[in-house]
Amino acid sequence: MEYLNQTTPRRFILLGFSDVLHLQVIIFITFLTMYLMTISGNLLLIIIVRINPRLHSPMYFFLTSLSLTDIFFTSSIVPVILMNIFAKDRSISLLGCAVQMYLSLAMGVTECILLSFMAYDRYAAICRPLHYNTIMSKALCIYLVAGSWTVGFLNSFVQVFLAFQLPFCNCPNVNHYFCEVPAFIRMACRDTFVIELSIYIAGGIFALISFCLILISYVHIISNILKIISSEGRQKSFSTCVSHLTAVILYYGTIMFMYLRPQSKKYSHRPSKSDNIVPIFYTTVTPMLNPFIYSIRNKDVKNT
């Protein structure tokens, strides 16, 4: 503990952005636009669901929970990015870094679990329509959402606790634009086996297994869609499934790329460009797209 206190800085400097002015302007406008679209799109979906009684169903209960998660997820990261782009002092306090890491990781895991529940909800609605109300009861939906948030925060506490037990060689410079566990593993001075193992276990449970469950659900959904006599009905159902699967693959693919590959051995102290670009997709792009992808074809949503 004495060694840890001596090698843990009070502030970290985030080095994830270019110092070239015209690039800074482009980055600022891009992130600001995506952030505003994320907040407005997700808030609009929540409001629409609240004011339209026809949307008070399990599907939209999960969607509003996903929207809240996306708002907190992107808000834990993007405002700090926007402040740091033009700032001379890009430092963040130890507490601020820990809070950012904790919230972003918790929201990321929560979203993984919610997406798998949403896929199961669609499976129950399409493949078991007569038993849907019994299967997806109001109490079950509340328990599932509460459980996903609880698991997300508990897992995040473990990961952040382990990350800040490491002594940092490359401190206080973080070669990333926000505080994320892989970036801190690159800075570690000692063996990171324990935290890497915890990442692989958590990633295997919350990302890989959830992704496989979603694919299984959609296999059953698509097999039922093929039984639809109307070609127009099949086409509409397929286009909806493709949209959902595209969002799922984009989110899970980038998450697993960052968290389910070797960390300290494969990473050097100076990360590759992909290590800073890939997180943009699951922290900013996917939260922006979710409300549109999951609701744009619903007539009740558009009419409201």
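Residues numbered from 1 in each chain as written. Predicted model: local features only at pLDDT ≥ 70, side-chain atom pairs only at ≥ 80, totals over all residues. Heavy atoms only, no water.

K.L.:
I'm lost on the UniProt feature "transmembrane region" (unreviewed entry) in the chain in this one. Help?
P.N.:
When the UniProt feature table is mapped onto this chain, "transmembrane region" (unreviewed entry) is found at residues 20–48, 60–87, 99–120, 140–164, 197–221, 242–260 and 280–296. Helix and strand shares over residues 99–120 are 100% and 0% respectively, and the end C-alpha atoms of the span are 32 Å apart. Along residues 197–221 one finds 100% helix and 0% strand; the C-alpha atoms at either end are 35 Å apart. (UniProt positions renumbered as here; feature names shortened; annotations may be inferred. Helix = DSSP H or I, 4+ residues; strand = E, 2+ residues; numbered from the N terminus.)

K.L.:
What is the right way to look at the environment of Ile205 in this model?
P.N.:
Mapped onto the elements of the fold, Ile205 is located in helix H9 (residues 193–225). Ile205 gets classed as partly exposed once you look at its relative accessible area, which sits at 43%. Once the C-alpha coordinates of Ile205 and Thr192 are considered, the two residues, 13 residues apart in sequence, prove to be 20 Å apart. (Buried < 20%, exposed > 50% of the residue type's maximum accessible area, 1.4 Å probe, protein only.)

K.L.:
How do you make sense of the pairing of strand S1 (residues 11–14) when you look at a structure like this?
P.N.:
Within a regular strand, side chains alternate between the sheet's two faces. Residues Phe12 and Leu14 point to one face of S1 and are all buried, whereas Arg11 and Ile13, pointing to the other face, are not buried. Taken together, the three bridges between S1 and strand S2 (residues 91–93) define a ladder with antiparallel strand orientation. Each bridged residue has a counterpart across the sheet, and for Arg11 the counterpart in S2 is Ser93. Sheet topology places S1 next to strand S3 (residues 173–174); two bridges connect them, and they run parallel. Note on S3: the bridge partner recorded for Ile13 is Asn173. (Pairing = 2+ DSSP bridges.)

K.L.:
Even after reading the chapter, I still don't get the packing of aromatic side chains, so can you show me in this structure?
P.N.:
To describe a pair of aromatic rings, you give the distance between the ring centres and the angle between the ring planes. On inspection of all chains with the given rule, the structure shows 14 aromatic pairs. For the ring pair Phe12 and Phe164, a centre distance of 6.4 Å and an interplane angle of 70 degrees mean the geometry is edge-to-face. One end of the pair, Phe12, is in strand S1; the other, Phe164, is in the loop between helix H7 (138–163) and S3, and 152 residues separate them in sequence. An identical accessibility class is assigned to Phe12 and Phe164; each is buried. A ring pair is formed by Phe72 and Trp149, whose centres lie 6.1 Å apart and whose planes are at 90 degrees; its orientation type is edge-to-face. With Phe72 in helix H3 (residues 58–75) and Trp149 in helix H7, the pair connects residues that are 77 residues apart, well separated along the chain. (Phe/Tyr/Trp six-rings, centres within 6.5 Å; stacked < 30°, edge-to-face > 60°.)

K.L.:
Help me understand the state of the cysteines, please; the structure alone is not making it clear to me.
P.N.:
In total, this model carries one disulfide according to the counting rule given. Cys97 shares a disulfide with Cys179; S-S distance 2.0 Å. Torsion about the S-S bond of the Cys97 and Cys179 cystine: about -120 degrees, corresponding to left-handed handedness. Note that Cys97 is positioned in helix H5 (residues 94–127) and Cys179 in the loop between S3 and helix H8 (181–186), a separation of 82 residues in sequence. In this pair, the class of Cys97 matches that of Cys179, namely buried. This cysteine, Cys112, is not joined by any disulfide, and Cys212 carries the nearest cysteine sulfur, 12 Å off. In this structure Cys112 comes out as buried when scored by relative accessible area, which is 3%. (Disulfide = S-S within 2.5 Å.)

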